[in-house]
Amino acid sequence: VFGSPLMDAATIHLGNGKSFIIIAKNNDAQHPYIHQILLNGHPYTKGYITHQQILGGGTLTMVMRKKPGKNFAVPLNDRPGRTKDFKL
């Protein structure tokens, strides 16, 4: 489940020779809300990511803003606990 990032960037080196990179743009106290998420350069609207997606490697970019994004995790199916991919 996504939340406000604590750091501007992090790299997870996966045991399969791949890496998963997380980048937070505009990450500061004045921009506490997720405005948009990009997964490998493509818009990603879900409020969570699966373990399987992380194992695939790639880059997750979080764009932070002063106000929450209007398209981020809005539909019920984009929220955790609402789909077969993520159960609470």
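Our subject is the structure that appears above.
Anyway, here's the lowdown on the structure attached to this text. (Residues numbered from 1 in each chain as written. Predicted model: local features only at pLDDT ≥ 70, side-chain atom pairs only at ≥ 80, totals over all residues. Heavy atoms only, no water.)

**Things to note about the overall build of the protein**
- Scanning the protein from terminus to terminus reveals one helix and five strands.
- For the protein, the C-alpha atoms occupy an extent of roughly 35 × 30 × 20 Å along the three principal directions.
- Counting every atom, the protein has about 5,900 Å² of accessible surface; 56% of that belongs to carbon and sulfur.
- A distance of 7 Å separates the average location of the 11 positive side-chain charges in the protein from that of its 4 negative side-chain charges. (Helix = DSSP H or I, 4+ residues; strand = E, 2+ residues; numbered from the N terminus. Areas by Shrake-Rupley, 256 points an atom, 1.4 Å probe, with all protein chains shown as cover. Lys, Arg positive; Asp, Glu negative; His and termini not counted. Charge placed at Lys NZ, Arg CZ, Asp CG, Glu CD.)

**A short note on the packing of aromatic side chains**
- Inspection of the entire model under this criterion finds one aromatic pair.
- Where Phe2 meets Tyr44, the ring centres are 6.4 Å apart and the plane angle is 85°; that geometry is what we call edge-to-face. Here Phe2 is found in the segment before β1 (9-13), whereas its partner Tyr44 is found in strand β4 (residues 42-44), with 42 residues between them in sequence. Across the pair, Tyr44 and Phe2 agree in class, each one buried. (Phe/Tyr/Trp six-rings, centres within 6.5 Å; stacked < 30°, edge-to-face > 60°. Buried < 20%, exposed > 50% of the residue type's maximum accessible area, 1.4 Å probe, protein only.)

**Notes on the layout of surface pockets**
- In this model, the largest pocket occupies a volume close to 240 Å³.
- Taken together, 18 residues line the largest pocket, and the ones lying closest to its centre are Phe2, Gly3, Ile22, Leu60 and Met62.
- Mapped onto the lining of the largest pocket, the elements with two or more residues apiece are β1, β2 (19-25) and β5 (58-65).
- No other element matches β2, which puts four residues into the lining of the largest pocket.
- Here the lining of the largest pocket is built from residues that sort into 16 nonpolar, one polar and one charged. (1 Å grid on protein atoms, 1.4 Å probe; cavity = no way out; pocket = protein on both sides within 12 Å on 5 of 7 lines; lining within 4 Å. Points joined across faces, edges and corners; volume = space filled by probe spheres on them. Nonpolar A, V, L, I, M, F, W, Y, C, P; charged D, E, K, R; others polar.)

**Considerations on the sheet that holds strand β3 (residues 33-39)**
- Strand order in the open sheet formed by five strands is β1-β2-β5-β3-β4, and the pairing between neighbours is mixed. Two strands close off the open sheet at either side, each with one partner strand: β1 and β4. The sheet shows a mean angle of 25° between the axes of neighbouring strands, taken without regard to direction.
- Two strands pair when backbone bridges link them, and β1 and β2 are joined in this way by five bridges, in the antiparallel orientation. Bridging across to β2, Thr11 finds its partner in Ile21. (Pairing = 2+ DSSP bridges. Axes fitted to C-alpha atoms, helices over the stretch in contact; angles between N-to-C directions.)

**With respect to the nonpolar core**
- If you look at the biggest cluster of nonpolar residues, it comprises 13 residues, and the most contacted ones within it are Phe2, Ile34, Ile37, Ile49, Leu60 and Met62.
- Of all the secondary structure elements, the ones that give two or more residues to this core are β3 and β5.
- Excluding anything up to four places from it in sequence, Ile37 contacts Phe2, His42, Pro43, Tyr44, Leu60, Thr61, Met62 and Phe72. (Core = buried A, V, L, I, M, F, W, Y, C linked by side-chain atoms within 4.5 Å. Contact = heavy atoms within 4.5 Å.)

Shape descriptors only; they carry no functional weight alone.
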